[in-house]
Structures are given as structure tokens and as C-alpha cells.
Protein chains: 6
Amino acid sequence: MMMKATGNISSTTPFLLPYTKTSDKMSIVSEFNDYRTKMNDKILGEDNKVLKRFFNLDTNAYKDGALDKKTKELLGLVASMVLRCDDCIRYHLGTCFELGVTKAEAYEVFAIANLVGGSICIPHTRRAVEYWEALEAE
Amino acid sequence: MMMKATGNISSTTPFLLPYTKTSDKMSIVSEFNDYRTKMNDKILGEDNKVLKRFFNLDTNAYKDGALDKKTKELLGLVASMVLRCDDCIRYHLGTCFELGVTKAEAYEVFAIANLVGGSICIPHTRRAVEYWEALEAE
Amino acid sequence: MMMKATGNISSTTPFLLPYTKTSDKMSIVSEFNDYRTKMNDKILGEDNKVLKRFFNLDTNAYKDGALDKKTKELLGLVASMVLRCDDCIRYHLGTCFELGVTKAEAYEVFAIANLVGGSICIPHTRRAVEYWEALEAE
Amino acid sequence: MMMKATGNISSTTPFLLPYTKTSDKMSIVSEFNDYRTKMNDKILGEDNKVLKRFFNLDTNAYKDGALDKKTKELLGLVASMVLRCDDCIRYHLGTCFELGVTKAEAYEVFAIANLVGGSICIPHTRRAVEYWEALEAE
Amino acid sequence: MMMKATGNISSTTPFLLPYTKTSDKMSIVSEFNDYRTKMNDKILGEDNKVLKRFFNLDTNAYKDGALDKKTKELLGLVASMVLRCDDCIRYHLGTCFELGVTKAEAYEVFAIANLVGGSICIPHTRRAVEYWEALEAE
Amino acid sequence: MMMKATGNISSTTPFLLPYTKTSDKMSIVSEFNDYRTKMNDKILGEDNKVLKRFFNLDTNAYKDGALDKKTKELLGLVASMVLRCDDCIRYHLGTCFELGVTKAEAYEVFAIANLVGGSICIPHTRRAVEYWEALEAE
């Protein structure tokens, strides 16, 4: 079944709220990762040294150092949440999950983010909770 | 017709611009409210006292006081718009609509938000106008 | 094939990440422009003089002056990216493309935006790159 | 007693926290207004039509309309506070005070701003409270 | 020597860049804390229940829980830095210092903040480094 | 005349609005540059590789490339203004001035910044204008 964006689907697509339905949650994680990898590859494939070095630096910043990796990922998560960047939240949630961060710990990060950043963080918290469930369901 | 996210749909979903098509507008409001309620219930279902109290406080802040409820909802709306939080805008538009705020009043809030917050508020104004029409169509 | 938002689609729509699949990219540009035009017309159709004048002023700001149009569009692009407004980025990418901005130039704007605005601009850069490809494919 | 910035004072000026000492509060209001007027005059004295029209539009947005002036100033105040612009807060506090907004009303605006914008609004609330006292003391 | 703000000083005050001179650094910490305490007392002295409960909640959020106090203060610090709130940074630096956070750890927080939030965080990093030195000098 | 921060001056310092008096303007530029250099040296003197590389990258991003240096500095300026970072604005104003940017060009950057970023950019525009005059007066 092939549908062009200008064809049937585009005239029937429901309101594109930035969340998914529960039944499809299992694929959220891989969809996010696939798109992220594909587009990052394109960006890094261009001859822009500043962007390449910036991406590289971004990866290095979260390695073990005076603070361990897990703490740094929690820092990345709270920073992403107060700056309200859903994709950044998803990325750090994924790494936190892999590093063994518990749900209770994640919720404490959400709580601090909401207090510091205000109720405008609530919609991002909703989507973060949904993504966390998807990570657990994988 | 059941489509898995990793199946047909995911390879044919059109560009997911954060807006809907006119024909489906009647459901924007309930879709937003349903998702909001479902996820808020999950968040409040967890044992995080800070988040619970924060959500509770958020509700109390908009009650009648020295300023009446309607004025407070207008304040919540303009704050949401300059901070560019679509879900927050939708929430306050819904409450404003219920409280009898007129279209002309809503537009004056949009105007102030655009002046204070700049042209980056325009895309949010477009989606706010669309949501307002959905509220009127219910 | 007609699907109501409250019907089948709404229960099967995959996670609505704010990006498209490669095969549908040709329509991103027109979809964005169509929605933008339609909603701007509605906004300008209302009797709110402040918003009308603000929209008008927004158009005038990018005309040739002490700085030429192309430089101004690059300014609009970098401002939109650090403020993380996808629709604003799309708009200025479209105008930049029409004015003959090259891919290498666009990437240098992305690089400055990422440095000034930080890694939270990366997801917007991904979507900007995708939109740029859609402009090239038109 | 004349002290040059590069002379004695500059080597002895204490930590310039963005607030005043209680004993000098009576002059906060006029100092702010004087600087604002002086610099606005310079900006408007230049031949930049976009800025001139923008400043003019900014003034018009707060006139009586579907919403009255007082409500609009409260909207300007809450927007300024969640966007954390001290000078904007001072300006709207001044106008609110002139329009008869009470302290209890101002505090309800602060409360909503803090909830929507988070604890990063607290330092701005402190300075707002100090400015309000200066307005009362005039 | 008493100087009124509207008198000599106000006509000779040097450019009030938001930083101090080295020789006065010992007092930065107490000046900040004194002002913070004084104004918080005023705010809490008013009869605004929402603000009171918000301030109280803000204190509770950083207590030991699933994450320990030190980690939470680091989260508060990075959130304050990406949101570019100097007073919030100062507050969390003070608490971090008391909890035994090392300089190397603080710098890793600064590094993540700069990467996530961009070069606009650099001026805040400068002032954070200056405040940290003042804490060490106490 | 030596005054300790905790001594006479601290009890007489006028309201520290973030701007200077006209008579002292000649020193704004050097004061800013001196503090910036001193603190950057401290930061780079620490053993934090991520921060060092980030600072280095920040310098490289504005070199001639597909876009020339002057255009890139204008991009840095507008990005700094919409993100409302006074120190970043000062830095880029300094470099723009050295590269021969005219006052009329600078004002067109200010105009775009105000439109995109809103009236919250006005106070930063005032201080930018003041700093520009200081650059001209050197």
C-alpha cells in the first residue's frame, strides 16, 4: 500500500499531535533511532568541519570523567527537559535506560525539570513517560 | 485496517507537520484531552510526591482570587504562547473557551504574545487559530 | 479511502515524530506552504490591527536595505534555528533556496546556530537538512 | 566627587548583583525611566523604519480593545516574567501600578509566572517585588 | 560617606557589567545570600498561597530520594546554566560546594551545559567560575 | 580611596541597572574585554578538554568559508540578540565594528532580531546601541 503525501493520506491524516498510540509504542524507539542515525550520517557526510567537530565533542562530553557516565546522562536529560527538546529527551532517556537508571530515578529528574523549568515542561514529561514505557517494552 | 508503525504506515506516513487537515478538526479537541488525561494519570500514578504536588499546585493557581478565573486563564494563555508550548496553548484555549472568552479577546492575547515573543510565535498562532475553530465546531 | 481521526487511523497512527519518510519528501514543501498560506489568510481575515501590522512588518524587514535580501534571509534562518522554530526554519530555508543560497552556505549557518544555540539545535538541523533536500528535489 | 570608570571606582566596585540596596530604592523608578527614554530616543532617532514601526506597534498593542488596558498590562507583565526580561517587567509593573493594580493582584501574576515558567523566575520575582516597593514609595 | 543614588554616584557609576573585581570577591557570596534571604522573606510574608507552596516545593525537590542530594544539586546546576539564570547558578554552586562537589566535577557540569545550551552559556560560565572562587576564598 | 564591598560602597551603591552613564562610556569596551580575557584564561587554564575544545571550535566557526567573516559575525550578532545574551552581543558588536560593519547595517540586524525575537529584545537593543556608541568613541 503506497500513499503519496499529496494523495489520500495527506487529506485524511488526523491531527498530528506529537505522541503515539499505545498499541504502536514498541516501534517508537527504533523509529527515533533510525531517523536520528540516517540524518546524522547525512550531516556528517557533508564537508562542514565545525559541525563534524561539534557532533564529535557532543559524544565525548558524556564519557566517564570526574563524574561518571550515568550522572552525566542524567545531566543531559534534565538539561534537555528544561530546554524542552523532545528528541534530546528521547536520546538521553535511551542512554539512561541502557545504563540502568530506574524509573524512580527518572521521575526525580522529571520532577526537578518541572520545578526549574515550569509547567511548560509537563507536555514533554508526558511524552518522556510514554517513551520510557516504550523502552521498557522493547 | 490495522497498520503497524514499523510496517506499511511508517514507510508511507507523510511529512508530519504539527497540524491537522480541516476535515478532521472536530476530533482535535478530544484527542488532545484524551492523551492529556491518560498520561497525567500515569504520571500521578507514580510515587513521586514532588510531581504530584506540582500538578496539584498548577491546578490551584488558576482559581478565582484577587484576579478572576478568566483573567488568569488569559495569563496562562499568553505565557504559554510566548514560551511556545502548543499543548499548553491548547489547554488554556480550551478553558478560555469554556469561560466565554470571545474570539476577539483571544486574538488580542495572540497579538500581545506575538509582539512580546516575536515572529517565532506565528506558527503557534496558526495552530492556536486552528484549535480555536475546532473548539467552536464541537 | 476516507479515515476519520476518531476512527481506524487514530488508533493505528504510529509515533508521530516530527519528520517524514524519504519517499514523500517531494511534498513537504507544498504541504508547509499550503498550510501556512491558509492559516495566515484566516489570521489576516480577522479584525485585529496589531496582528495585521505585525505580519506586514515581518515581511518588510527582509527587503533589500543596508544589508541585501540574501544576508537578511540568512539572519532570519540562524535566528529561527537558535530559537528552535521548525516552521520558521522551513520558511527561511525556502526563501534562501530561491535566492540562490548554496548548500555549503546553508551548512555554515547551521554550524553557527549549533555553536551559539547548542546541541538542542541538532534535531532542528536534521529536519532542516531534510527540508533542504525536499527543496532540491522539487 | 567625580570618579572615572577606569579610575578608583572601577577597582573597588563591589559585586554588581542586579539589585539595589534598600536605602536607594526611591530612585530605581526614575533611573529606569530615564535610561529607557534616553535610549529609546536614540533608537527612534535613527533612520530604521522597521524598528520605528515595531516600537510604535508595541505601544498600540496595550490600548483598550476587546480586552481593557489593565488586563493587557497584566498580560504584558506575565509574558515578561516567564521570558525573564527584568526591564520589561519593570516597565509593565510601572504601568500596572499607574492603572491601579493592587499588590495582591500583582502577586497572583507572579504566582502564575512562577508556575508556568518555573523556579528560574524566582530571582526575577525578587527584583519585581523590590521594584514594586519602589513604586509604592514614590 | 553617604551617596544618594540620585546624587553623585548615579552620575559616576561605571558601566555595570554583571561581575565583580577580584579584590572584592570575598563578599560576593554573602551579598548574594543576604539579598536572597531578605527578598524571599518578603515574598513569603505576603498572603499568596501558590507562591508559598511553590517555594516550599522547590526546597523539597532537592532532598535525598532515589537520587542523592549531591546528584540533584548537580541537576539543578546544569538546568540553571542552560536556562542562563545567574542567581540560580549561584544558589546551586553554593549548595554543591557545601556538599563537597569538586572543582573538576563542577567544570564537567559546565562543559555539558555549554554543549547542550551553546556558547550563550559562556558568559554565565565566566561568572560561575568567579563565584566558585569566591566560595573557595570564604 | 579604597572601599570594601561589605563597607561603605555596598550600602550606597545605587540600583544596579545593567547599563552605564554616558560620561563613562569610553571604558565600557575595555572593561568588557578585560573581564572576558581574564575569565576565559582561567577557564582554559583548567584541565577540562571538552570546554577547551568547545571554546576553540567557537573561534573557528566565524572564519571565512562559504560565507565570509563579516556575514558570519552578523549571524553571531543576530543569534546573540534573539537569545538575549548581552555579553555575546557586545562581543559580536566589537568584531562587527572592527570588520567595518556600518551603523545602518547594525540597525538592520537589530530590526530583524526584534521582529523575530519580540519586544523582549528591546532592552538588549538599548544596551547594544550604547555599546556601539562606546566603540565609535574609542
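Residues numbered from 1 in each chain as written. Chains lettered and ligands numbered in written order. Predicted model: local features only at pLDDT ≥ 70, side-chain atom pairs only at ≥ 80, totals over all residues.

1. Details of the overall build of chain A
- Check the secondary structure of chain A and you find seven helices and zero strands.
- For chain A, buried positions account for 59% of its 138 residues. (Helix = DSSP H or I, 4+ residues; strand = E, 2+ residues; numbered from the N terminus. Buried ≥ 20, exposed ≤ 12 C-beta atoms within 10 Å, placed from the backbone.)

2. Topic: the relation of the copies chain A and chain E
- Aligned on chain E, chain A shows an RMSD of 0.0 Å; the corresponding rotation is 180 degrees and the shift along the axis is 0.0 Å. In the structure described here, the two chain copies are related by an operation that fits a two-fold rotation axis.
- Looking at the interface residues of chain A, 100% of them are also at the interface in chain E, so both copies use one shared face. (Least-squares fit on C-alpha atoms with pLDDT ≥ 70 in both. Contact = placed C-beta atoms within 7 Å.)

3. What about the nonpolar core?
- V78 of chain A, V78 of chain B, V78 of chain C, V78 of chain D, V78 of chain E together with V78 of chain F are the most contacted members of the largest nonpolar core, which totals 256 residues.
- With near-sequence residues (within four places) excluded, V78 of chain C lies in contact with V109, I112 and A113 of chain C together with L75, V78 and A79 of chain F. (Core = buried A, V, L, I, M, F, W, Y, C linked by C-beta atoms within 7 Å.)

4. Let's talk about helix α6 (residues 103-117) of chain C
- Relative to the 21 Å expected for 15 residues at 1.5 Å per residue, α6 of chain C spans 20 Å between its end C-alpha atoms, a close match to the ideal helical length.
- Counting buried positions along α6 of chain C yields 12 of 15 residues, so the element is predominantly enclosed.
- Taken as a whole, α6 of chain C has its buried residues at A106, Y107, E108, V109, F110, A111, I112, A113, N114, L115, V116 and G117 of chain C.
- Elements in contact with the buried residues of α6 of chain C: α3 (49-60) of chain A, α4 (69-82), α5 (86-98) and α7 (122-137) of chain C together with α2 (49-60) and α3 (69-82) of chain F. (Expected span 1.5 Å × (residues − 1).)

5. A closer look at the packing of helix α2 (residues 28-45) of chain D against helix α6 (residues 122-137) of chain F
- Running from N to C, α2 of chain D and α6 of chain F cross one another at 75 degrees; their axes reach a closest spacing of 10 Å. Compared by their axis directions, α2 of chain D and α6 of chain F come out roughly perpendicular. Packed against α2 of chain D, whose contacting residues are M39, K42 and I43 of chain D, the element α6 of chain F presents T125, R126, V129 and E130 of chain F at the interface.
- For the contact of α2 of chain D with α6 of chain F, the per-class residue count stands at three nonpolar, one polar and three charged. (Axes fitted to C-alpha atoms, helices over the stretch in contact; angles between N-to-C directions. Parallel < 35°, antiparallel > 145°, perpendicular 65-115°, else oblique. Nonpolar A, V, L, I, M, F, W, Y, C, P; charged D, E, K, R; others polar.)

6. Notes on the interface of chain A and chain E
- The interface of chain A with chain E comprises 27 residues on the first partner and 27 residues on the second.
- Those elements that place two or more of their residues in the side of chain A that touches chain E are α3, α4 (69-82) and α6 (103-117) of chain A.
- With 10 residues, α6 of chain A is the largest single contributor of residues to the side of chain A that touches chain E.
- Here the residues of the side of chain A that touches chain E are counted per class, giving 17 nonpolar, six polar and four charged.

7. Let's talk about helix α2 (residues 28-45) of chain A
All names here are of chain A.
- The first and last C-alpha atoms of α2 sit 26 Å apart over 18 residues, in line with the 26 Å expected at 1.5 Å per residue.
- Considered for burial, the residues of α2 that qualify are I28, E31, F32, Y35 and I43. With its buried residues spanning 95 degrees around the axis, α2 presents them on a single face. Within α2, the exposed residues directed more than 90 degrees away from the buried face are T37, D41, L44 and G45. (Arc of directions from axis to C-beta.)

8. With respect to the environment of R84 of chain C
Residue and element names in this part refer to chain C.
- Topologically, R84 is positioned in the loop between α4 and α5.
- R84 sits 19 residues away from K103 along the chain, and the two C-alpha atoms are 20 Å apart.
- Leave out the neighbours within four places in its chain, and R84 touches I120, C121 and H124.

9. Quick notes on the environment of A104 of chain F
All names here are of chain F.
- Turning to its location among the elements, A104 is positioned in helix α5 (residues 103-117).
- With 13 C-beta atoms counted inside 10 Å, the residue A104 sits in the partly exposed group.
- Sequence separation between A104 and K69 is 35 residues, and the spatial gap between their C-alpha atoms is 18 Å.

10. Re the confidence of the model for chain A
- Taken as a whole, chain A shows an average pLDDT of 86; of its residues, 81% reach a score of 70 or greater.
- This model gives residues 1-23 of chain A a pLDDT under 50, and the stretch forms 69 contacts once residues within four places in sequence are excluded. (pLDDT = per-residue confidence, 0-100.)

11. Description of the environment of Y131 of chain D
Residue and element names in this part refer to chain D.
- Tracing the backbone through its elements, the reader meets Y131 in helix α7 (residues 122-137).
- For the pair formed by Y131 and F97, sequence separation is 34 residues and the distance between their alpha carbons is 11 Å.
- Once you skip the residues sitting within four places of it in the chain, Y131 turns out to touch I28, R90 and L93.

12. Re the packing of α6 of chain C against α7 of chain C
Residue and element names in this part refer to chain C.
- Where α6 meets α7, the axes come as close as 10 Å, and the angle between the chain directions of the two elements is 165 degrees. By the angle class used here, α6 and α7 are roughly antiparallel. Considering only the axes of α6 and α7, their crossing is right-handed. Every residue of α7 that contacts α6 at K103, A106, F110 and N114 is listed here: I122, T125, A128 and W132.
- Per-class residue counts for the contact of α6 with α7 are five nonpolar, two polar and one charged. (Left-handed = near helix turned anticlockwise from the far one by under 90°.)

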